Amino acid sequence: MDWASRGIRKRIKETVAVRETLTAGLGRTATATEVATAMGVTKDVVVEALGDAARTVTTLDDPAARDVATEIPLPEESALVGERRDILEQAVAALPERMRRIVQAVYFDERPVKEIAEELGVTHSAVSQQRSEAIRLLRDALDRYFAEGAAPTTTTRVSAGARDAYFSRIADASSPRIADIFREAAPA
């Protein structure tokens, strides 16, 4: 009644054993590439075996089985997350150059604000202010995209013209569906 064949079980056992041996020798968790090299197989084979090793099977009567279903996002939720990611990527790309560099450095590269300030030749405070304004612009873009009905209140402190130019840059770089929403936000 096991989900895995003997061959799969053997591969899992060998892969886990090699990983544990390498981990003990290296003093850190061995990477899939290191395990693959040691075993003389491809990285994909190791990744699949480790994925199989992590797989568990329970009966539907097990109370914990209900928790699994609650952890899996619904299709609508997955679609919404993907849509938000797309809009956010477009909105970040449309930020003014300095704001985009700061957002990239702080949130994607996880660099300290002090380091960014030194690189840009400005104060820590100036970087923080630019970052805060960039976040407000991003929030306005997301609010605009997901608004239902009346136009949402703006949180940004930039002028209406600068905000409309920002929305236009998002529209110019986006798909027609996204562009239509942001063109509605900008004056004709």
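The structure this text deals with has already been given above.
No experiment lies behind these values; they were computed from the predicted model shown.

Attention now goes to the overall build of the chain. Counting its secondary structure elements, the chain contains ten helices and zero strands. Seen in sequence order, the chain has helices and strands lined up from the N terminus as α-α-α-α-α-α-α-α-α-α. If you take every contact in the chain between residues at least 6 apart in sequence, the share linking residues at least 24 apart comes to 48%. With the model as given, the accessible surface of the chain reaches about 12,400 Å², and the carbon-plus-sulfur share is 54%.

We now examine the environment of A36. Inspection of the secondary structure assignment puts A36 in helix 2 (residues 32–39). With a relative accessible area of 4%, A36 lands in the buried category. Separated by eleven residues in sequence, A36 and V47 have C-alpha atoms that sit 8.9 Å apart. When near neighbours in sequence (up to four residues on either side) are disregarded, A36 contacts V41, T42, K43 and V46.

For the rest of this paragraph, the subject is helix 2. For helix 2, every residue scored as buried is listed here: A32, V35 and A36. Angularly, the buried residues of helix 2 cover 100 degrees about the axis, an arc narrow enough to put them on a single face. In helix 2, the exposed residues that point more than 90 degrees away from the buried face are T37 and A38. Against the buried residues of helix 2 lie helix 1 (6–26) and helix 3 (43–54). Count one or two residues on from helix 2 and you reach G40, which has phi positive near 75 degrees.

The next point concerns the nonpolar core. Within the largest apolar cluster, 19 residues are counted, with the highest numbers of intra-cluster contacts made by L95, A141, Y166, I170 and F182. Looking at this core, the elements with two or more residues in it are helix 5 (75–93), helix 6 (97–108), helix 8 (124–146), helix 9 (160–172) and helix 10 (176–185). Apart from the residues within four sequence positions on either side, L95 is in contact with R100, V103, A134, L137, L138, Y166 and R169.

Here the focus is the pattern of salt bridges. Oppositely charged side chains can form a pair if their charged atoms are brought close together. Here the structure, examined in full by the defined rule, presents eight salt bridges. Residue R28 pairs with E34 through a salt bridge whose shortest N-O separation is 2.7 Å. By relative accessible area, R28 is classed as partly exposed at 40%. E97 serves as the salt-bridge partner of R100, at 2.3 Å between the closest nitrogen and oxygen. One end of the pair is R100 and the other is E97, both in helix 6 and three residues apart, which spans about a single turn. Exposure remark for E97: the relative accessible area of 44% places this residue in the partly exposed category. Counted as one network, the salt bridges with shared partners bring together R101, R111, E115 and E119.

For helix 3, with twelve residues, the first-to-last C-alpha span of 17 Å sits near the 16 Å given by 1.5 Å per residue. Where helix 3 is buried, its residues meet helix 1 and helix 2.

Attention now moves to the environment of A91. Structurally, the position occupied by A91 is in helix 5. For the pair A91 and A134, spaced 43 residues apart in sequence, the C-alpha separation works out to 9.8 Å. Residues in contact with A91, not counting those within four places in the same chain, are L138, A141, Y166 and I170.

The rules behind each value
Residues numbered from 1 in each chain as written. Predicted model: local features only at pLDDT ≥ 70, side-chain atom pairs only at ≥ 80, totals over all residues. Heavy atoms only, no water. Helix = DSSP H or I, 4+ residues; strand = E, 2+ residues; numbered from the N terminus. Contact = heavy atoms within 4.5 Å. Areas by Shrake-Rupley, 256 points an atom, 1.4 Å probe, with all protein chains shown as cover. Buried < 20%, exposed > 50% of the residue type's maximum accessible area, 1.4 Å probe, protein only. Arc of directions from axis to C-beta. Core = buried A, V, L, I, M, F, W, Y, C linked by side-chain atoms within 4.5 Å. Salt bridge = Lys/Arg side-chain N within 4 Å of Asp/Glu carboxyl O. Expected span 1.5 Å × (residues − 1).

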